[in-house]
Amino acid sequence: MAIEADVAVIGAGMAGVSVAYELAGDHDVVLLEQEGQPAYHTTGRSAAMFLQSYGGPVIRALTAASRLRYDEIGGLLSPRSLLWVAPAEQMDRLDAVAAAQPELVRLDPAGAVARCPALRLDWVAGALLEENASEIDVLGLHQFYLGGARRRGASVLVGAAVRGGRRTGGRWLLDTAAGPVTATAVVNAAGAWADEVAGDLGVPPLGLQPLRRTAAVARTDRVDRAWPLVGDVGETFYFRPEGAGVLVSPADETPSEPCDARAEDLDVALAVERINEATDLGLRSVVTAWAGLRTFAPDRLPVIGPDPAAPGLWWLAGQGGYGIQIAPELGRLAAAAVTGGAVPEALAVARFR
Ligand SMILES: Cc1cc2nc3c(=O)[nH]c(=O)nc-3n(C[C@H](O)[C@H](O)[C@H](O)COP(=O)(O)OP(=O)(O)OC[C@H]3O[C@@H](n4cnc5c(N)ncnc54)[C@H](O)[C@@H]3O)c2cc1C
């Protein structure tokens, strides 16, 4: 006997749970996750930051809209300001960001070092401060959506990899590791696998590219919990306090197949080297390291809504490096699209068809 639903959502990362939550209650929703636990892939591996000044104008608008939702839910954001820093050769870039975002506070090198005394005064040439950036309780947000979806009647199946599917009688019949599932609408929220899942459903891919990003926690007793997230504006590293050490990243973007991504020693070493060059932290060893896949569409904007090439298929993919902070607005837009609402043109699937 097939499980029957109005909407089958593929993937229980932040994307899948947010759209499942928004649709549950008014619709029979089944959430299908290939792993034995939700949030195992990219969602469980982020740097957990909410940065209003990160990304281009479309991303920043999605971030601002999501902020309202974060405030409504409450308790998920804690203060962690953001300091964009630039060595001399990145000053052009810093000036461009300052011109585009006049709300950022310009700091001279001494002002930057006052915010993070580990920075080398002879390395930093200028800085911009986003005072109201935050750290996100990522698992708290994921649980808000997942638990909420369940309470609204959604079924959540883990170990339920979608292996294929076809349209029959105006509905999808999905072949999953947990048995057959039929649904009127399918939402492809499969993260790094979204193009692969489309292929398994006989739908042409969109050209999504997973890019590996590495993070690690390095030991140091020099960290002050009040430091901001510090990142160079050229995006070659960032660090912030984490537990008794610092979370570090080389801000890498290495093309990858969809997979259970692992940190490479070389990438961890690069993060440590770049941060040691910009600071006097003198990092030597890391406690733990991990990597995740940030998946981008060719124009680096999310892809939401109905697929003109595939009746009954909706996408919620390509969240790149912003998929936690903009999840509330993307989940809302994706759910509205499933029920016939319009999607902003810049995010619509039609731009690739
Ligand atoms: C190091 C790092 C730092 C980051 N920092 C931030 C940050 O500070 N702020 C921010 O907003 N974002 C950040 N991101 C980006 C953010 O983590 C992602 O944009 C977001 O997690 C994407 O969520 P998702 O649900 O699309 O993907 P995922 O969490 O990967 O979920 C997709 C799910 O689909 C499932 N799936 C795949 N194929 C199938 C199938 N065939 N059947 C069933 N299930 C399937 C997978 O198992 C997976 O659970 C960071 C990412 C990384 C790697």
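As the structure is a computational prediction, the values presented were derived from the model and not from experiment.

The rules we used
Residues numbered from 1 in each chain as written. Predicted model: local features only at pLDDT ≥ 70, side-chain atom pairs only at ≥ 80, totals over all residues. Heavy atoms only, no water. Helix = DSSP H or I, 4+ residues; strand = E, 2+ residues; numbered from the N terminus. Near = heavy atom within 4 Å. Polar contact = N/O pair within 3.5 Å; in protein donor to acceptor, adjacent residues only side chain to side chain. Areas by Shrake-Rupley, 256 points an atom, 1.4 Å probe, with all protein chains shown as cover. Nonpolar A, V, L, I, M, F, W, Y, C, P; charged D, E, K, R; others polar. Domains from an automatic or database assignment.

Asks: If you had to explain unusual backbone geometry to someone new, which residues and values would you point to?
Replies: Despite not being glycine, E235 has its phi angle at roughly 55 degrees, a positive value. Structurally, E235 is set in the loop between strand 14 (229-232) and strand 15 (238-242). With a phi angle near 60 degrees, R300 is a residue other than glycine that sits in the positive phi range. Within the secondary structure, R300 is located in the loop between strand 18 (286-296) and strand 19 (303-307).

Asks: Go over the site of the ligand with me, naming the residues and quoting the values.
Replies: Around the ligand, the structure places 37 residues, and the nearest of them are E33, T43, M49, G320 and Q325. Contact distances for the ligand include 3.0 Å between an oxygen atom and a side-chain N or O atom of Q34. With respect to the ligand, the backbone of V162 contributes an N or O atom lying 2.9 Å from a nitrogen atom. In isolation the ligand has 1,000 Å² of accessible area, and contact with the protein removes 97% of it. Elements represented by at least two residues in the shell around the ligand include exactly helix 1 (14-23) and strand 18. Looking at the shell around the ligand residue by residue, the classes come out as 18 nonpolar, 14 polar and five charged. Of the residues that make up the shell around the ligand, three or more belong to each of domain 1 (3-45 + 138-207 + 298-352) and domain 2 (82-131 + 209-296).

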